[in-house]
Amino acid sequence: MSKYLFVAGLETHVELQTDSKIFCGCSTKFGAEPNTHTCPVCTGEPGSLPVINKKVLCYAIRAGLATHGKISSVTTMDRKNYVYPDLPKAYQISQFENPVSVGGYVELDSGKRIRLNHIHMEEDAGKLVHEGGYTYVDYNRGGVPLIEIVSEPDIASVEEAREYVEKLQLIMRHIGVSDCKMQEGSMRCDVNISVHLPGTPFGTRTEIKNMNSLSFMEKALSYEYSRQCDLLDSGEKVVQETRRYNEGTQTTESMRSKEDAQDYRYFPEPDILAIHVSDEFIEKIRQEMPVLPGELKRSFLAKGITEVEADRLVQYKRVADFYSECIEKADAKIAANLILGEIFRSMQTEEEKELFEIKFGADALIELILLRSEGKINSGIQKRVLQEMLLSGGRPSDYLTKDDLSSVDDSAVEGLCREAVSANERAVKDYLGGKEQALKALLGYVMKATRGKADSAAVEAKLKELLKK
Amino acid sequence: MQSKILKYASLLKEKKISAVELTKEYLKKADANRRFNAFVSVDGERALKYADLADKQIAAGKQTLLTGIPFGIKANIAEKGVETDCCSKILKGYRPTYDATVIEKLSAAGAVPLGKNNMDEFAMGSSTETGCHGAALNPVNTDYVTGGSSGGAAAAVAADMAVYALGSDTGGSVRQPASFCGVVGLKPTYGSVSRYGLIAYGSSLDQIGPLTSSVADAAIVYDAIRGADKRDQTSSPLSSAAFERMDGDVKNLKIGFPKEYFEGIKPEVSDTLKAQFALFEKLGARIEEISVPWLKYALPAYYIIACAEASSNLGRYDGIRYGYRSTDYDDVNEMIMKTRSEGFGKEVKRRIMLGTYVLSAGYFDAYYKKALRVREQVSEAFRDAFEKVDVLLTPVAPTTAFPLNYTSENMIETYMSDFCTVPVNIAGLPAISVPAGYDGKGLPIGMQLIGAKFSEPTILNAAYAFERAAAIPAKEVK
């Protein structure tokens, strides 16, 4: 780390997963044929007018509440004017004067709070497609709802930047407003970064645009931090400008300087009247809000699982929901072991864990865990049955034979243990003589007799108990 | 003036005429009067198809007052598949993929669209001389302009080429041409009529309104097009039907005489209008002198707000998706610049530049923000006035129609001449222009009646009472 302090603030665009666009009824579905999810409104045909989608407002308020923001009682839309072929009206309807949520924060694991300036709603632009020397415009994405989450310059390292983005992803996924997939563009970050010596004012900042993966963001910020430090060390100045990260050279390069910065000529959108948000409306959204990841983690920890386990479970919204349901009735520790162990092993990618598509419900897993904790099956059988369920769905009972269940008769196990002791004098003698290994022979005897169905831990305990006498 | 709509509706009902016959008659008149340049396009084949449908609707016993009645549409109101170019080269060939809400409503009523009426380019102007299809001529005297921007609509009604026409009014564009051509023009309350499909000039000011040959017709058309629209968030459910409540009774109606409106008015005009107070008194109305402060600031505020909104609204004309595209360019930026340089006319460019300037960083507060504060003050002054009176009687314009080609040489004076009409748009009020007499040259003088928000029934009824009592004869069009 150099002598310079790192200062960054993030502007994070999050695509809201509503069914229809922000100002018209067109579908927001990703990947359709170009210009099939369009209408006069989202292609900006002359005379068409925008009508705000109430669900977008609800989602934006939810995001504001989840980040501890103050929801504006009157929120208004503004026009941001600029010319680009993917922007069919030559203005983007956004928010400038009265954003939907003001202030708030995102808390990092260290307890540090990254303050938010505000969250605002806006429409996405279309997309340019370059092909065979021509440029085409696809307006399917035009009018897809976004929120922009603007942080204060509270981020003091590359690691904090990464954690902040991960925390935002986690929150937005948990409250169900976005899938926050950076590679698909449903989450994009612009970072303002500057460096300065301790005790001196903030340095001149540069803005790095459109980072679409966490690792690129880390590389870009590391590079930009050293670039700025080097400039200052060699007596040069940082120029206020917009830069972009070049994946090929792994460096940032200048896009445009401050002098070329656009004047967006923001003014109130006359086609959309001010939106009055009542306290009752906010309260209703608060009531309907899913449990936030931080709170969820605390409730999991209270059930006695480890920090690492809790983090892994909370990381995926659907996993967390599934686990929450399981622990209402089943042992939290066993449930965590099974989900993070057997079940996660069946899912190779992060994507699969995120989707968490399994063939049985929480009730089936609860049943399986109860069979074990009531001592009706051992862990070996439990694992086998779980594998079957992962493959073909169904309930534990579909895979348990009468034989499987017979193994759990405690008195039978005790009888077999006594039998083992009396039939293996040599091993008993060795064991009592201090050879711990000798117990394995006795254990083996019982397990063989039950064809592996007995709970080995219980058998071991029983044997030790018998041998103590 | 007798209601043409009622006359034709009863002829149609009694099967004395068919909608097809009526439409043919109007198509003939439209063709015979081409010299006025009131229509920029007429689609007779399409009109007759609509007329045929109207005859079927009548035969099925589903006639409305507007079924089978031919009308004109200002060239800035979207009709699916019909070239709607705002009389601008930049929208050449643009055919909307959808119908404006007002068009949907009139189609459902069985009305027969004849074609597009001439206008100032993008509704920016007061003379209907700035459009790409040339000037419209005033049917009363073709040496004079029709007024604007809905001049083609006003001329079409004045020359009886259409029974009525739809115009749009951002700063007087329905009322002033109505006044210049001697017809009735209603500018509804902002929000009474859906703007969906009206190609925007100043979005917070624009309203669609009817131009007709009688007050009753204005009320009938207004009733057919008004109402909240879920596609226009600025539309309102607060408007109410006017025609059924029109009885011509103005007893005890309080009419305000706002002195600020009569300053700087040509004596011939102001004398004619002042004389009408006596007529209203005779009908039982009460006249009260009243002050509407801030009025003189409404005009500059209007030009700032309208141009600011226009500069943004017109940004979309870039040659990429529809309309005109320059043929000579090397990259997309050059294409956009050349398309706009070649596609827009002088007056439109002037207003885009003005609007861009007032919204620019460093000027926004001094111009746009201040204009919004003036807007609030003007609205409040009107609210106060309507605590005291029901209707304000004012001029529509300080003069009668200008001679042709006068406007382009006298831009500032033309801007200033909007001072009687723009305050209504600034405050979002309803107002009507009704013929009140003629000047020495035989040019029509219009009278403006302004009401509180959503008081269309009141101003229409007052205008109706006046029209009956004054019995101003229409000029015969030669």
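Scroll up for the structure.
Residues numbered from 1 in each chain as written. Chains lettered and ligands numbered in written order. Predicted model: local features only at pLDDT ≥ 70, side-chain atom pairs only at ≥ 80, totals over all residues. Heavy atoms only, no water.

**Quick word on the overall build of chain B**
Defined as follows: The numbering of helices and of strands both runs from the N terminus, where a helix is a DSSP run of H or I of at least 4 residues and a strand a run of E of at least 2. The size measure is the radius of gyration over C-alpha atoms, and the globule rule it meets is 2.2 Å times the number of residues to the 0.38 power. Under the scheme applied here, a residue whose accessible area is under 20% of the maximum for its type counts as buried, over 50% as exposed, and between as partly exposed, the area being computed with a 1.4 Å probe on protein chains only. Any pair of residues with heavy atoms lying within 4.5 Å of one another is described as a contacting pair.
Summing up its helical and strand segments, chain B has 15 helices and eleven strands in all. Computed over its C-alpha atoms, the radius of gyration of chain B comes to 21 Å, within 12% of the 23 Å expected for a compact globule of 478 residues. Across the 478 residues of chain B, 64% fall into the buried class. A fraction of 76% describes how many contacts in chain B between residues 6 or more apart in sequence connect residues 24 or more apart.

**What about the environment of V51 of chain A?**
Within the secondary structure, V51 of chain A is located in the loop between β1 (5–15) and α1 (54–66). Overall, the relative accessible area of 24% leaves V51 of chain A in the partly exposed class. Separated by ten residues in sequence, V51 of chain A and V41 of chain A place their C-alpha atoms 9.0 Å apart. Residue contacts for V51 of chain A: discarding those within four places in its chain leaves I22, F23 and C24 of chain A together with K230, R231, D232 and Q233 of chain B.

**Some points on the interface of chain B and chain A**
Interfaces are often sized by the accessible area lost when the parts come together. Where we set the bar: The term buried area refers to how much accessible surface (probe radius 1.4 Å) is lost by two components on association, counted for both of them together. Think of a salt bridge as a Lys or Arg side-chain nitrogen and an Asp or Glu carboxyl oxygen that are within 4 Å of each other. Polar contacts here mean pairs of N or O atoms no more than 3.5 Å apart (in protein, one a potential hydrogen donor and the other a potential acceptor; neighbouring residues in sequence count only if both atoms are side-chain atoms).
Each partner contributes residues to the interface: chain B has 37 residues there, and chain A has 32 residues. Of the roughly 2700 Å² buried between chain B and chain A, counting both surfaces, carbon and sulfur atoms make up 55%. The tally of links between chain B and chain A comes to two salt bridges. Notably, a salt bridge pairs K369 of chain B with E97 of chain A, separated by 3.3 Å at the nearest N-O pair. The tally of links between chain B and chain A comes to 18 residue pairs in polar contact (both at pLDDT 80 or more). With four residues, helix α9 (residues 295–313) of chain B is the single largest residue contributor to the side of chain B that touches chain A.

**Brief notes about the pairing of strand β8 (residues 286–290) of chain B**
All names here are of chain B. The test is simple: Think of it this way: DSSP has to see at least two bridges between two strands before they count as a pair. Here the term right-handed applies to a crossover when the path leading from its first strand over the helix to its second strand runs clockwise, the strands being oriented away from the viewer.
Looking at chain direction, strand β7 (residues 254–258) and β8 are connected through five bridges and run parallel. Looking across to β8, one finds that P258 is bridged to I290. What joins β7 to β8 is helix α8 (residues 267–282), and the crossover it makes is right-handed.

**Some words on the side chain of H120 of chain A**
By secondary structure assignment, the location of H120 of chain A is in strand β8 (residues 113–123). Aside from chain neighbours lying at most four places away, what touches H120 of chain A is S94, Q95, P99, V100, L146, I147 and E148 of chain A.

**Let's talk about a negative patch on the surface**
Which entries qualify depends on this criterion: Residues form patches when they are more than 30% accessible in relative terms and have no salt bridge. Like charges link within 9 Å. Nonpolar side chains (Val, Leu, Ile, Met, Phe, Trp, Tyr) link within 5 Å. Values of accessible area rely on a 1.4 Å probe in the Shrake-Rupley scheme; residue burial ignores everything except the protein chains shown. None of His or the chain ends enter the tally, which takes Lys and Arg as positive and Asp and Glu as negative. To locate a charge, the coordinates of NZ of Lys, CZ of Arg, CG of Asp or CD of Glu are taken.
Taken together, the side chains of E184, E351, E352 and E357 of chain A make up a negatively charged region of the molecular surface. Along the polypeptide, E184 of chain A turns up in the loop between α2 (158–174) and β12 (187–196).

**Some thoughts on the environment of G343 of chain B**
Residue and element names in this part refer to chain B. Within the secondary structure layout, G343 lies in helix α10 (residues 332–343). What makes G343 buried here is its relative accessible area of 3%. A C-alpha to C-alpha distance of 38 Å links G343 and L22, two positions 321 residues apart in sequence. Every residue in contact with G343, bar those within four places of it in the chain, is listed here: S88, K89, I90, E121, Y324 and K338.

**Overview of the packing of aromatic side chains**
Stated precisely, the cut-off is as follows: A pair of aromatic rings is counted whenever rings of Phe, Tyr or Trp (Trp by its six-membered ring) have centres within 6.5 Å, and the orientation is called stacked for planes under 30 degrees apart, edge-to-face for over 60 and tilted otherwise. Throughout this description, the term charge over a ring refers to an Arg CZ or Lys NZ atom that lies within 6 Å of the ring centre and within 35 degrees of the ring normal.
This model, assessed by the stated rule, comprises 33 aromatic pairs over all chains. Note on F267 of chain A and Y368 of chain B: the rings are 5.8 Å apart at their centroids and 70 degrees apart in plane angle, and the pair reads as edge-to-face. In this pair, F267 of chain A sits in strand β16 (residues 267–268) while Y368 of chain B sits in helix α12 (residues 365–388), so the two residues belong to two different chains. Across the pair, exposure class does not vary: F267 of chain A and Y368 of chain B are buried alike. Measuring from ring centre to ring centre gives 5.9 Å for Y8 of chain B and Y26 of chain B, while their planes differ by 85 degrees; the resulting arrangement is edge-to-face. Taken together, the residues Y8 of chain B in helix α1 (residues 4–13) and Y26 of chain B in helix α2 (residues 19–32) connect sequence positions 18 residues apart. For the residue pair Y8 of chain B and Y26 of chain B, the accessibility class agrees, reading buried in each case. Ring pairs connect the aromatic residues Y94, F122, Y317, Y322 and F344 of chain B, which therefore count as one cluster. For R79 of chain A, the ring lying beneath its charged end belongs to Y91 of chain A, and the centroid distance is 4.0 Å. Directly above the ring of Y26 of chain B sits K29 of chain B, whose terminal nitrogen or CZ lies 4.4 Å from the centroid.

**Considerations on the pattern of salt bridges**
Scanning all chains against the criterion turns up 56 salt bridges over all chains. A salt bridge links K112 of chain A to E160 of chain A, with the shortest nitrogen-to-oxygen separation between them at 2.8 Å. Of this pair, K112 of chain A sits in the loop between β7 (105–107) and β8 while E160 of chain A sits in helix α2, and the two are 48 residues apart along the sequence. When the shortest N-O distance is used, the salt bridge between D160 of chain B and K4 of chain B registers 2.8 Å. Residue D160 of chain B is found in the loop between α5 (151–158) and β4 (164–169), and its partner K4 of chain B is found in helix α1; the two are separated by 156 residues along the sequence. Since its relative accessible area comes to 16%, K4 of chain B is described here as buried. Within this structure, R79, E269 and D271 of chain A together with R195 and D232 of chain B form a network of salt bridges that share partners.

**Let's talk about α8 of chain B**
Residues and elements named next belong to chain B. What counts here: Helix span, as expected, comes to 1.5 Å for every residue beyond the first. This arc corresponds to the set of directions leading from the helix axis out to the C-beta atoms.
Between its terminal C-alpha atoms α8 stretches 23 Å, which fits the 22 Å expected from 16 residues at 1.5 Å a residue. Where α8 is concerned, the buried positions are V269, S270, T272, L273, Q276, F277, L279 and F280. Considered in projection along α8, the buried side chains sweep an arc of 165 degrees and stay on one side of the axis. Along α8, the residues that are exposed and aim more than 90 degrees away from the buried face are P267, D271 and K282.

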